[in-house]
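Chain by chain, the residues:
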Amino acid sequence: AEGAAAEKRSLPCEAGAAAGLPPATRPKPCAEDIEDIWKLHERACQRGEDFYKDPATGYMVFTRVAHERRGKCCGNGCRHCPYDHANVRSDRLAQRIQQPAFLHVGERERQRSAGVDKADGGVVVLFWSSGKDSFMTLRSLARSGREVVLMTTFCAATRVIANQEVDASEVERQARHLDVSVVGVPLHPGVEYVERLRAGLEVVRKRRPVSALAFGDLYLEHIRSWREDRLSAVHLGVPELLFPLWRASYDELHRDLEASGVPCEISALGPNVEPKGELRVGTQFSRALADEVAGYGMDRFGENGEFH
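The notes below deal with the structure included here. (Residues numbered from 1 in each chain as written. Predicted model: local features only at pLDDT ≥ 70, side-chain atom pairs only at ≥ 80, totals over all residues. Heavy atoms only, no water.)

### Focus: helix α8 (residues 221-230)
Then step 1. What α8 keeps buried is the set I223, W226 and R227. Across the axial projection of α8, the buried residues extend over an arc of 100 degrees, all falling on one side. (Buried < 20%, exposed > 50% of the residue type's maximum accessible area, 1.4 Å probe, protein only. Helix = DSSP H or I, 4+ residues; strand = E, 2+ residues; numbered from the N terminus. Arc of directions from axis to C-beta.)

### Some thoughts on the nonpolar core
Then step 1. Grouped together as the largest cluster of nonpolar side chains are 43 residues, with contacts concentrated most on L126, L150 and L279.
Then step 2. Counting residues per element, this core draws most heavily on helix α5 (residues 132-143), which supplies 4 residues.
Then step 3. Leave out the neighbours within four places in its chain, and L279 touches I266, L269, V273, L289, E292, V293, Y296, M298 and F307.
Then step 4. Among the nonpolar cores identified, the runner-up in size contains 25 residues, and F102, V149, V204 and F215 belong to it. (Core = buried A, V, L, I, M, F, W, Y, C linked by side-chain atoms within 4.5 Å. Contact = heavy atoms within 4.5 Å.)

### What to know about the sheet that holds strand β8 (residues 182-187)
Then step 1. One open sheet accounts for 6 strands, arranged β3-β8-β5-β4-β9-β10; its pairing is mixed. Since the sheet does not close on itself, it has two edges, and those belong to β3 (101-104) and β10 (241-242), each with one partner.
Then step 2. Contacts from α5 reach β4 (123-127), β5 (148-155), β9 (210-214) and β10 within the one sheet, and its direction differs from that of β4 by about 165 degrees.
Then step 3. Most of the contacts of helix α7 (residues 193-205) go to β8, to which it runs at about 150 degrees, and overall it touches β3, β4, β5, β8 and β9. (Pairing = 2+ DSSP bridges. Axes fitted to C-alpha atoms, helices over the stretch in contact; angles between N-to-C directions.)

### With respect to α7
For an α-helix the count is 3.6 residues per turn, leaving residues at separations of three or four pointing the same way.
Then step 1. Compared with an ideal rise of 1.5 Å per residue, which puts 13 residues at 18 Å, α7 spans 18 Å between its outermost C-alpha atoms and is within 8% of the ideal.
Then step 2. Every buried residue of α7 is accounted for by Y193, V194, R196, L197, G200, L201, V203 and V204. Looking down the long axis of α7, one finds its buried residues gathered within 160 degrees of arc, a one-sided arrangement.
Then step 3. N-capping of α7 is provided by E192, with a side-chain oxygen placed 2.8 Å from the backbone N of V194. (Expected span 1.5 Å × (residues − 1). Polar contact = N/O pair within 3.5 Å; in protein donor to acceptor, adjacent residues only side chain to side chain.)

### Some thoughts on the packing of aromatic side chains
Any aromatic ring pair is given by two values, namely how distant the centres are and how the planes are angled relative to each other.
Then step 1. The full count for this structure, using the stated rule, is 8 aromatic pairs.
Then step 2. Measuring from ring centre to ring centre gives 4.6 Å for F127 and F215, while their planes differ by 45 degrees; the resulting arrangement is tilted. With F127 in strand β4 and F215 in the loop between β9 and α8, this residue pair connects regions lying 88 residues apart in the sequence. Grouping residues by exposure puts F127 and F215 together as buried.
Then step 3. A ring pair is formed by F243 and W246, whose centres lie 6.3 Å apart and whose planes are at 65 degrees; its orientation type is edge-to-face. For the pair F243 and W246, one class covers both residues: buried.
Then step 4. Taken together, the ring pairs in this structure connect F127, F215, F243 and W246 into an aromatic cluster.
Then step 5. It is R196 that lies over the ring of W38; its NZ or CZ is 5.7 Å from the centre. (Phe/Tyr/Trp six-rings, centres within 6.5 Å; stacked < 30°, edge-to-face > 60°. Lys NZ or Arg CZ within 6 Å of the ring centre and 35° of its normal.)

### Considerations on the pairing of β5
Then step 1. Across the 8 residues of β5, 8 count as buried, placing the element largely inside the fold.
Then step 2. With burial as the criterion, each face of β5 is covered, one bearing V148, L150, T152 and F154 and the other bearing V149, M151, T153 and C155.
Then step 3. By the bridge criterion, 4 bridges tie β4 to β5 in an arrangement that is parallel. By the bridge assignment for β5, V125 is matched with V149.
Then step 4. Relative to β8, β5 runs parallel, the two being bridged by 6 bridges. Pairing of L150 across the sheet is with V182, part of β8.

### Regarding the pairing of β4
Then step 1. Burial runs high along β4: 5 of the 5 residues are buried.
Then step 2. On β4, burial covers both faces: V123, V125 and F127 on one face and V124 and L126 on the other are all buried.
Then step 3. For the crossover that starts at β4, traverses α5 and ends in the parallel β5, the hand is right-handed. (Right-handed = clockwise from strand over helix to strand, strands pointing away.)

### Details of the environment of K276
Then step 1. Residue placement: K276 occurs in the loop between α10 (250-260) and α11 (287-295).
Then step 2. Not counting chain neighbours up to four residues away, the residues in contact with K276 comprise E292, Y296 and M298.

Shown next as structure tokens:
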């Protein structure tokens, strides 16, 4: 299922960045920053200090310097862990990580780490929202023979993927079922979205070169233009952006989703959409539902954020 805002609920912080949406289309952060904790952290590191005080909670927080002195990940999901949360238990990753890290490593990647798979063509990083468009994009890339790593962003405070109203643990579960590697990128207030993506890509690059970024956009020109402007090689160092579903007919998309045999349920309705008929959270997406939605004057696939 996909989402653009929870039915009758407030949106998670750090906005539609989960899907790489341009700033104008994103919800507001869930809380005002008291002070930029990341700047506090960097100043403390420059002074060689082990701690700084979090202005919101008053707690003393370990700096990157302190972690590096320890020499290994402690497994607690620390805010400034420099070790990609390597020792956080696998069943706690989605709920604990504060820095970008793998939530699941697929069998292909495990074989590569063990020296079994020597392919070196690089991977496509697919921006994964947990929904049907992402899933169909993955299917398209698989048919073309591209090797894929998923990347999902979520609010560090709520662990929820913006707009989708899906918990990061659900993405981890999806990746395990599909046996596809996925990197989780927690989003923190005060840290620029593209900067967090760059950190997420660096986690991937420690294992493989990144040959392209892929997105599940269907036809919204302003979204694609924003991605091409802000997520290009200039900003993220990735040579190619892919839009495998761009301008695909809705009949083609329906057929592919039906052929997959994978049920997709609505996880959220848009902020100005009231439940009616079968259009409600929990309903399985189908041609019949798409016909009903079209009858309400909405996009058949909820491309404008009507449902997810």
